[in-house]
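# Inside the fold
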Amino acid sequence: MAEQRTVDLRTVDLRTVDLRSDDVPSADVPSGDVRSGDVRFVDPDGIRLAYQVAGPPQAPPLVLLHALGERASDWDEVLPALTDRHRVHALDLRGHGRTGPAPHYSLDLMRADVLGFLDALGLDRVDLVGHSMGGVVAYLLAAHQPRRIARLVLEDVPLPRPREPVPPVRPAGELDFDWDMVLAVRRQIDTPDPSWLDRLALITADTLVVAGGPTSHVPQQGVAELAARIPGARLVTIPAGHLVHRARPAAFTAELTAFLHASG
């Protein structure tokens, strides 16, 4: 069992935090300030997706996918370092933030949402960054539509192997995400589609895998195997725990921009 600790639901990935514990505090989550970029909406396939956009309109597109229980503004601290050479699009995935609830949830549907988003905005080929659950969505998309992803960055993303299911306990108070979405995603993370592991070999994007090191609650041997299964992927460890881009934003953006610029 994970070590019990005080949890701020605005900054912790709910897929990997110990939601079994009764000491998880109430979650009265504010909408959050959007410090960098405009908030816009697009409606691919009947889902009204909210996204935050910043950077020069003609710059190469970069798409950011947040972790479970987060939203686009989770990237605010690192966004300014990315917008000098990219047009950055940070999404609120289905069931999160301003995108709000949906009738059905799965990681495959989130993958389809992101692909619909790219189509709706006419983004033929993009760089894609995903943290934790957002990283799962990112590698599913990169394996499903390899041509659409030029460069892929996976931040402390778990390997898709089955794990022992433990029913999560809903935090008290108002949530900034749909609890039904948490339950659906947890089921898929606990028992992932067996094909996901094999399909990692289909990814053709230049790939950087960022591991959070020994204080992360994501098994680091799994993160290393994830990198090993993606052809040509490079693994770098930033010892910051699971929330790498929050805990060490300068180190994260240095690795990210060096990778994007060098491979570009």
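Everything here concerns the structure above.
Below, the structure is looked at part by part. (Residues numbered from 1 in each chain as written. Predicted model: local features only at pLDDT ≥ 70, side-chain atom pairs only at ≥ 80, totals over all residues. Heavy atoms only, no water.)

### Concerning the pattern of salt bridges
- All chains considered together, the criterion is met by eleven salt bridges.
- Between R94 and D113 there is a salt bridge, and its shortest N-O distance comes to 2.7 Å. Separated by 19 residues along the polypeptide, R94 in the loop between β4 (87–92) and α2 (107–121) and D113 in helix α2 bring together distant segments of the chain. Pair check on accessibility: R94 and D113 agree, each one buried.
- Between R229 and E225 there is a salt bridge whose closest N-O contact spans 2.8 Å. In this pair, R229 and E225 both sit in helix α6 (residues 220–229), four residues apart, roughly one turn of the helix.
- For R229, a relative accessible area of 31% corresponds to the partly exposed category.
- Among the residues examined, E225 registers a relative accessible area of 23% and is labelled partly exposed.
- Within this structure, R161, E225 and R229 form a network of salt bridges that share partners. (Salt bridge = Lys/Arg side-chain N within 4 Å of Asp/Glu carboxyl O. Helix = DSSP H or I, 4+ residues; strand = E, 2+ residues; numbered from the N terminus. Buried < 20%, exposed > 50% of the residue type's maximum accessible area, 1.4 Å probe, protein only.)

### Regarding unusual backbone geometry
- Of note, S132 is a non-glycine position whose phi angle comes to about 55°, a positive value.
- Unlike most non-glycine residues, D156 shows phi in positive territory, near 45°.
- On the secondary structure map, D156 appears in the loop between β6 (149–155) and α4 (179–190).

### Remarks on the packing of aromatic side chains
- A complete count under the given rule lists one aromatic pair for this structure.
- Between Y51 and F117, the aromatic rings sit 4.9 Å apart at their centres with planes inclined by 75°, giving edge-to-face as the arrangement. Here the residue Y51 occupies a position in strand β2 (residues 49–54), and F117 occupies one in helix α2, the gap between them amounting to 66 residues. With respect to class, Y51 is no different from F117; both count as buried.
- If you follow R48 out to its NZ or CZ, it ends over the ring of F41, 3.7 Å from the centre. (Phe/Tyr/Trp six-rings, centres within 6.5 Å; stacked < 30°, edge-to-face > 60°. Lys NZ or Arg CZ within 6 Å of the ring centre and 35° of its normal.)

### A word on the sheet that holds strand β8 (residues 234–237)
- A sheet is described by the order of its strands in space; here eight strands give the open sequence β1-β2-β4-β3-β5-β6-β7-β8, paired in mixed fashion. Two strands lie at the open edges of the sheet, namely β1 (38–42) and β8, each paired on one side alone. Direction aside, the axes of adjacent strands within the sheet are offset by 20° on average.
- Across five bridges, β1 lies against β2 in antiparallel orientation. Looking across to β2, one finds that F41 is bridged to A50.
- The sheet strands contacting α6 are β6, β7 (206–211) and β8, and the helix crosses β7 at an angle near 175°. (Pairing = 2+ DSSP bridges. Axes fitted to C-alpha atoms, helices over the stretch in contact; angles between N-to-C directions. Contact = heavy atoms within 4.5 Å.)

### Regarding empty space enclosed by the protein
- Evaluated as defined, the whole model comprises one cavity of 30 Å³ or more.
- Reported here for the largest cavity is a volume of approximately 50 Å³.
- Around the largest cavity, the lining is made up of eleven residues, and of these V39, Q52, A72, D92 and R98 lie nearest the centre.
- For the lining of the largest cavity, the secondary structure elements donating two or more residues are β2 and β4.
- Per-element tally for the lining of the largest cavity: the top contributor is β2, with three residues. (1 Å grid on protein atoms, 1.4 Å probe; cavity = no way out; pocket = protein on both sides within 12 Å on 5 of 7 lines; lining within 4 Å. Points joined across faces, edges and corners; volume = space filled by probe spheres on them.)

### Here we look at the packing of α2 against α4
- Between α2 and α4, whose axes approach to 9 Å, the crossing angle comes to 105°. With respect to each other, α2 and α4 are oriented roughly perpendicular. Residues L107, D108 and M110 of α2 pack against M181, V185, Q188 and I189 of α4.
- Looking at the contact of α2 with α4 residue by residue, the class counts come to five nonpolar, one polar and one charged. (Parallel < 35°, antiparallel > 145°, perpendicular 65-115°, else oblique. Nonpolar A, V, L, I, M, F, W, Y, C, P; charged D, E, K, R; others polar.)

### A closer look at the packing of α2 against helix α3 (residues 133–144)
- Contact pair α2 / α3: the axes reach a minimum separation of 9 Å and the direction vectors enclose 65°. One finds that α2 runs roughly perpendicular with respect to α3. Crossing handedness for the pair α2 and α3: right-handed. For the pair formed by α2 and α3, the contact residues are L107, M110, R111, V114, L115 and L118 on the first element and M133, V136, V137, L140, L141 and H144 on the second.
- In terms of residue class, the contact of α2 with α3 is built from ten nonpolar, one polar and one charged. (Left-handed = near helix turned anticlockwise from the far one by under 90°.)

### A closer look at α6
- The set of residues buried in α6 consists of Q220, G222, V223, L226 and A227. Seen from one end, α6 has its buried residues packed into an arc of 155°, which puts them on one side. Turned more than 90 degrees away from the buried face of α6 sit Q221 and A228, all of them exposed.
- Residues of α6 that are buried sit in contact with α3, β6, β7 and β8. (Arc of directions from axis to C-beta.)

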